[in-house]
Amino acid sequence: MKKLLLVCMTLFSVAIYAQPFTLKSVGEAKEFRLKLYYGTQGKGAFVQYSGKKEIIPLQIKSFKVDNSGRSDGQPDINYYVWNEVIDGKVTGIYTFEMMHHTASNITYTRTKDNRKFKMEIEDEKKYDGGNQYLLHDVILTFNHFYNNHLIITYPDGKKTATELPAPDTPSFARQSIIEDYNFDGYDDIAFSVPDDGMGVYRMFEIYLYYPQSKRFEKLKEPDYSHSSCSCLCDVTVEKDKKLLITGCRGGARWHQDVFRFSKKGNLEWISTRENTDE
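**Re the nonpolar core**
The biggest cluster of nonpolar side chains holds 18 residues, and the ones touching the most others in it are Leu23, Leu36, Tyr38, Trp82 and Phe96. If you list the elements that add at least two residues to this core, you get strand 1 (21-25), strand 2 (33-37), strand 4 (56-66), strand 5 (77-86), strand 6 (89-99), strand 7 (102-110) and strand 8 (115-121). When residues of this core are assigned to their parent elements, the largest contribution, three residues, is made by strand 6.

See below:
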């Protein structure tokens with residue numbers, strides 16, 4: 001049970017950190033601004049300069065978590081390094097540190113002359129909940145709070161629009177997680193909201209990316225006739241065993257169901273584990 005609660009708390013942090021940040025240069029004669037977008041562990045990132053329509057992809061070069069302060073009650077520090085990529089070439093490097101809700105040591109190094117620019121976050125009057133990711137050259141647009149629209153824009157200009165499940169309580173945020181859920185080497189994306197009951201676990205919708213069609217498609221839910229949970233709840237992955245784990249609570253018990261993808265790509269139940277609430 002404690003493990004499941006820890007997962008929920010971790011995913012909540014991901015949702016907060018995933019919002020885009022407006023950055024501005026520091027100490028430059030000609031100030032410039034840009035928005036930085038990124039998701040889980042820095043994936044799905046890109047920047048967009050103020051006044052420009054174009055977006056510039058960022059490839060995560062390194063992501064590290066310093067949790068050495070936990071014993072003293074201090075929050076973790078997340079360290080991000082991205083390569084800026086234009087026309088297939090690395091044209092710059094971004095660094096970014098995040099501790100709790102505070103960002104620091106934000107820099108951009110231009111590779112052509114190795115010049116380093118210092119940047120800082122510009123406070124915005126109100127965050128509108130909007131967010132975007134760039135995955136496999138596809139733009140995914142959604143909102144954490146105020147609407148349920150998911151718009152997927154493909155490189156060929158085609159768009160799809162769908163409605164995500166709404167949070168049962170307006171104060172709850174929609175979480176977004178980038179992960180390879182079907183273990184094919186390509187990142188997928190999931191969105192989750194609290195369950196409609198006690199709000200102790202989260203219900204997921206997962207969109208898998210298929211490299212052959214270069215499209216995202218919603219994961220078809222499995223047959224729940226043998227599982228304890230009848231939803232994709234508190235989803236985590238076991239990469240080494242290529243297993244998908246779901247978790248939910250019923251009464252005083254926590255249930256975990258284990259699933260595996262079949263050769264046909266269907267999610268199939270394997271086993272169930274239970275933990276009593278102590």
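**Some thoughts on the sheet that holds strand 11 (residues 149-153)**
Strand order in this open sheet of four strands is 9-10-11-12, and the pairing throughout is antiparallel. Two strands bound the open sheet, and with one partner strand each, they are strand 9 (130-135) and strand 12 (159-163). Strand-to-strand, the axes of this sheet are offset by a mean angle of 15°, without reference to chain direction. As defined by bridge partners, strand 9 adjoins strand 10 (residues 138-143) across six bridges and the pair is classed as antiparallel. Bridge assignment links tyrosine 133 to a residue of strand 10, and that residue is leucine 140.

**Notes on unusual backbone geometry**
At glutamine 41, a residue that is not glycine, the phi angle is positive and equals roughly 55°. Within the element layout of this structure, glutamine 41 appears in the loop between strand 2 and strand 3 (46-49). The backbone phi angle of asparagine 105 is positive, close to 50°, even though this residue is not glycine. Its place among the elements puts asparagine 105 in strand 7.

**Examining the packing of aromatic side chains**
Ring pairs (aromatic) are described by centroid distance and by the angle formed between their planes. Tallying each qualifying case throughout the model produces 20 aromatic pairs. Where phenylalanine 21 meets phenylalanine 96, the ring centres are 5.5 Å apart and the plane angle is 45°; that geometry is what we call tilted. Linking phenylalanine 21 in strand 1 with phenylalanine 96 in strand 6, this pair joins segments that are 75 residues apart in sequence. You can call phenylalanine 21 buried: its relative accessible area is 9%.

Definitions and limits used
- Residues numbered from 1 in each chain as written.
- Predicted model: local features only at pLDDT ≥ 70, side-chain atom pairs only at ≥ 80, totals over all residues.
- Heavy atoms only, no water.
- Core = buried A, V, L, I, M, F, W, Y, C linked by side-chain atoms within 4.5 Å.
- Buried < 20%, exposed > 50% of the residue type's maximum accessible area, 1.4 Å probe, protein only.
- Helix = DSSP H or I, 4+ residues; strand = E, 2+ residues; numbered from the N terminus.
- Pairing = 2+ DSSP bridges.
- Axes fitted to C-alpha atoms, helices over the stretch in contact; angles between N-to-C directions.
- Phe/Tyr/Trp six-rings, centres within 6.5 Å; stacked < 30°, edge-to-face > 60°.

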